[in-house]
Amino acid sequence: MADVVILGAGVAGHTAALHLSRLLPRGSAVTVVSPNSQWNWIPSNIWVGVGRMPKEAVVFPLAPVYAKKGIGYRQAKAVAIRPEGDLDDERGAVDVVYTSPDRAGESERIRYDYLVNATGPQLKFGMTPGLGPDAGHTVSVCTADHAVHAATELRATIERLRAGEPQTLVVGMGHGTCTCEGAAFEYVFNVDHELREAGVRDRARLVYLTNEAHLGDFGVDGMTFDDHGFETTSELWTSSLYRERGVEAILGAHVHRVEPGVVHYETLDGEMHELAFDFGMLLPPFGGVALEAFDREGADITSELFAPSGFMKVDADYTAKPYEEWRGSDWPKTYQAVGHPNVFAVGIAFAPPHQISRPRKSPNGTLIAPSPPRTGMPSGVMGKTAALTIVDRIKHGDDRPAHEASMAHMGAACVASAGAGMRRGSAAAMTMMPVVPDYSVHPTGRDLADTRGEIGLSGHWAKLMMHHLFIHKAKGRLGWQLIPE
Amino acid sequence: MTDKTLSSTPDLRSAPLPTARTLRMRRNLPYQAYRFAAFNLRIVRMVLKGHH
Ligand SMILES: Cc1cc2nc3c(=O)[nH]c(=O)nc-3n(C[C@H](O)[C@H](O)[C@H](O)COP(=O)(O)OP(=O)(O)OC[C@H]3O[C@@H](n4cnc5c(N)ncnc54)[C@H](O)[C@@H]3O)c2cc1C
């Protein structure tokens, strides 16, 4: 009947694949193309990165799950999309190159009727010289392997502290246009917790270095909370935690380069600074995974399908306009690619219309602007939304309207662990509704009843519960479809 | 879009410190069990309101 191909087996792509396998009529085929053989619950990489969880607890092999669900699986990476097919066949096609040990380097052209691009972020460590664990001098927690390495380095730092050597630990964003501030926030407080548990906190200087102009911005322009009948800000709320835990903050920073033991950064006032460090976890900026696109004759149409950042253009309003004119309605609803209604881009792979947080430049012209986060909950919802549209169209015809899920209407939860432990753990649990603020509907941009921040042990339980629930869901175990995205 | 009023090193001395009671409540098992339930209910409500 129809072939559906999904690129990427992360939160968005895997969710789409599971729902498609559940809902598609017999005779339709779902194929997932992903270069990694394992699924990774990325939010728990934070705990791997402080040595609280082994890597094995956050990953599992994809092949058995796909075999059980009747989903085709190619351990390969997509390199090009041909939305109009080629001279042999006018069905759309994707060119893939295998990464599995038995077929590494082999290429194949896979035909599709519907395509879901859920390739997530490209980790662009290269945008900051000296950044990252491979060619640089800092660690990362973006992948499970990076997190294992981070934990080893952290352990060595703690050993040096135990031996009486003072140490500076810097955690944050490795570039002015990074996103995912929530993850760095979470990691810095987990590191703080580990240093306290090891009894060495007093000898350590812990610094959070970020591109956010204000604490608590999180790339979403901050949040307003209702606190006992008063409006309060996420800035005040997070500042309290930094003060309580003795974590220093450096705001509005763009890291120009990292040398062994020294971060060179510029701040919004245009000043250049250096920070000497012994342990550094700085996240990379994200770009889209580099895919090319070709028309039927083989002419390059990459710039028609993709923004310069590498993210795929969808049904968003990409007209350049100033911050004051940004609206929730600029954000995509259906995730259909421009000009190709049978192609969808979901999760981190779609091109956002603009930032959510106010972008700023230093007097030197350096852009210091948090990129908009696409967290797990919205990514999963987008994957499911694309899957539902595809199912409807396969069952009832291509004229069926697309399902919709805009980040201007959906909420997100960010449970930022601030230390593990069933009795001694803690987390800053935040919910926001919606992700993209709409000041024409809510004076504070978001619904005050659902936009909240809370610190406590229950947040740790919530994070642990999510870890188990989402791995259960991703394994497609009994009742998985009842667990919300 | 330079904003001269922004400081790269915030003065955290004016940030509110939690009281001893707040710190105790953050680890108080019955209260945290209640907050856990409230958090989950909020998520369910958000899912019902926002998705689809
Ligand atoms: C350290 C960290 C902590 C986080 N914590 C939280 C949290 O607490 N809560 C939360 O909501 N969100 C969190 N996030 C964000 C969350 O991980 C992302 O929102 C989510 O993973 C995005 O899903 P995705 O499917 O778009 O991308 P991913 O999950 O990254 O998946 C992308 C997939 O595409 C595959 N791929 C890559 N290239 C290709 C190619 N060429 N062809 C085919 N496939 C390809 C990858 O192998 C992967 O399988 C965190 C992120 C990080 C880095």
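As the structure is a prediction and not an experimental result, all values here were calculated from the model.

Counting its regular elements, chain A contains nine helices and 28 strands. For chain A, the spread of C-alpha atoms along the three principal axes comes to 70 × 50 × 45 Å. Counting only residues that meet the buried cut, chain A has 61% of its 485 residues in that class. At a minimum sequence separation of 6, the contacts of chain A that also span at least 24 residues come to 67%. Charge separation in chain A, taken as the distance between the mean sites of 45 positive and 57 negative side-chain charges, equals 6 Å.

Residue and element names in this part refer to chain A. Judged by pairing direction, the sheet is mixed, and its four strands sit side by side in the order β8-β7-β6-β21 without closing on themselves. Strands with a single pairing partner mark the edges of an open sheet, and in this sheet they are β8 (107-112) and β21 (292-293). Relative to β21, strand β6 (residues 76-82) runs parallel, the two sharing two bridges. In the sheet register, A80 faces β21, and the bridge partner there is E292.

Turning our eyes to something else, we now look at the interface of chain B and chain A. Listed per partner, the contact involves 34 residues of chain B and 52 residues of chain A. Each partner contributes to the roughly 3800 Å² buried at the junction of chain B and chain A, and carbon and sulfur atoms together form 63% of this total. At the surface where chain B touches chain A, the tally comes to five salt bridges. Here R35(B) ties to E454(A) by a salt bridge, and the two come within 2.4 Å at their closest N and O atoms. Here chain B is connected to chain A by 15 residue pairs in polar contact (both at pLDDT 80 or more). Here the side of chain B that touches chain A is composed, by residue class, of 16 nonpolar, nine polar and nine charged.

The next point concerns the site of the ligand. Residue and element names in this part refer to chain A. By nearness alone, 31 residues border the ligand, and A12, A78, I348, R374 and G376 come closest of all. In this structure, G10 approaches the ligand through a main-chain N or O atom, which is 3.4 Å from an oxygen atom. Protein contact buries 89% of the 990 Å² of open area that the ligand shows by itself. Listing elements by their share of the shell around the ligand, those giving two or more residues are α1 (11-23), β6, α5 (181-197) and α8 (376-396).

Residues and elements named next belong to chain A. Within the secondary structure, A337 sits in strand β22 (residues 336-337). Between the C-alpha atom of A337 and that of K77, which follows or precedes it by 260 residues, the distance is 20 Å. Residue contacts for A337: discarding those within four places in its chain leaves M312, K313, V314, V343 and F344.

A word on the pairing of strand β23 (residues 340-345) of chain A. All names here are of chain A. Bridging between strand β9 (residues 114-117) and β23 involves three bridges; their strand directions are parallel. For L115, the partnering residue across the bridge sits in β23 and is V343. By the bridge criterion, two bridges tie β22 to β23 in an arrangement that is antiparallel. Counterpart to A337 in the pairing with β23 is H340. In this structure, the hairpin formed by β22 and β23 is closed by a connection of two residues, where G339 is found at a positive phi of approximately 80°.

Moving on: the nonpolar core. Residue and element names in this part refer to chain A. In this structure, F185 and Y187 are the most contacted members of the largest nonpolar core, which totals 140 residues. Both domains that meet at this core, namely domain 1 (3-123 + 286-359 + 372-396) and domain 2 (127-285 + 410-482), each give it at least three residues. If we ignore the near neighbours within four places in the chain, the residues touching F185 are Y208, F218, T238, L241, Y242, A416, A428 and M430. Among the nonpolar cores identified, the runner-up in size contains 14 residues, and V170, V207, A253 and V263 belong to it.

Within chain B, residue pLDDT values average 85, and 85% of them lie at 70 or more. This prediction of the complex comes with two scores: 0.96 for pTM and 0.89 for ipTM.

Our focus in this paragraph is the packing of aromatic side chains. Residue and element names in this part refer to chain A. Scanning all chains against the criterion turns up 15 aromatic pairs over all chains. Site record: aromatic cluster; members linked through ring pairs are F185, F189, Y208, F218 and Y242. Lying across the ring of F311, R374 places its NZ or CZ 5.1 Å from the centre. Geometry around F350 places R374 over its ring, the cationic atom sitting 5.0 Å from the centre.

This part covers the pattern of salt bridges. Residues and elements named next belong to chain A. Going through the model one piece at a time under the given rule, you end up with 32 salt bridges over all chains. A salt bridge links R205 to E248, with the nearest nitrogen and oxygen atoms 2.9 Å apart. Pair noted here: R205 is in strand β12 (residues 204-209) and E248 is in strand β15 (residues 248-250), with a separation of 43 residues, a long-range link. A salt bridge links E485 to K473; the shortest N-O distance between them is 2.8 Å.

Another aspect to go through is the domain arrangement of chain A. Residues and elements named next belong to chain A. For chain A, the assigned domains read domain 1 (3-123 + 286-359 + 372-396) and domain 2 (127-285 + 410-482). With centres defined by C-alpha atoms, the gap from domain 1 to domain 2 works out at 26 Å. Contact residues are listed per partner, giving 45 residues for domain 1 and 51 residues for domain 2. Taken over both partners, the interface formed by domain 1 and domain 2 buries close to 4000 Å², and the fraction arising from carbon and sulfur atoms is 68%. Of all residues in domain 1, I46, W47 and F286 give up the largest surface area on contact with domain 2, accounting jointly for 18% of the area buried on that side. At the junction of domain 1 and domain 2, the tally comes to three salt bridges. One salt bridge in this structure joins R52 and E197, with 3.9 Å as the shortest N-O distance. Linking domain 1 with domain 2 are 16 residue pairs in polar contact (both at pLDDT 80 or more), by the criterion used here. Elements represented by at least two residues in the side of domain 1 that touches domain 2 include exactly α1, β3 (38-40), α2 (45-48), β4 (59-61), α3 (62-69), β10 (121-123), β20 (286-288) and α8. When the residues that make up the side of domain 1 that touches domain 2 are grouped by side-chain class, the tally is 27 nonpolar, 12 polar and six charged.

Conventions used here
Residues numbered from 1 in each chain as written. Chains lettered and ligands numbered in written order. Predicted model: local features only at pLDDT ≥ 70, side-chain atom pairs only at ≥ 80, totals over all residues. Heavy atoms only, no water. Helix = DSSP H or I, 4+ residues; strand = E, 2+ residues; numbered from the N terminus. Buried < 20%, exposed > 50% of the residue type's maximum accessible area, 1.4 Å probe, protein only. Contact = heavy atoms within 4.5 Å. Lys, Arg positive; Asp, Glu negative; His and termini not counted. Charge placed at Lys NZ, Arg CZ, Asp CG, Glu CD. Pairing = 2+ DSSP bridges. Buried area = accessible area lost by both parts, 1.4 Å probe. Salt bridge = Lys/Arg side-chain N within 4 Å of Asp/Glu carboxyl O. Polar contact = N/O pair within 3.5 Å; in protein donor to acceptor, adjacent residues only side chain to side chain. Nonpolar A, V, L, I, M, F, W, Y, C, P; charged D, E, K, R; others polar. Near = heavy atom within 4 Å. Areas by Shrake-Rupley, 256 points an atom, 1.4 Å probe, with all protein chains shown as cover. Core = buried A, V, L, I, M, F, W, Y, C linked by side-chain atoms within 4.5 Å. Domains from an automatic or database assignment. pLDDT = per-residue confidence, 0-100. Phe/Tyr/Trp six-rings, centres within 6.5 Å; stacked < 30°, edge-to-face > 60°. Lys NZ or Arg CZ within 6 Å of the ring centre and 35° of its normal.

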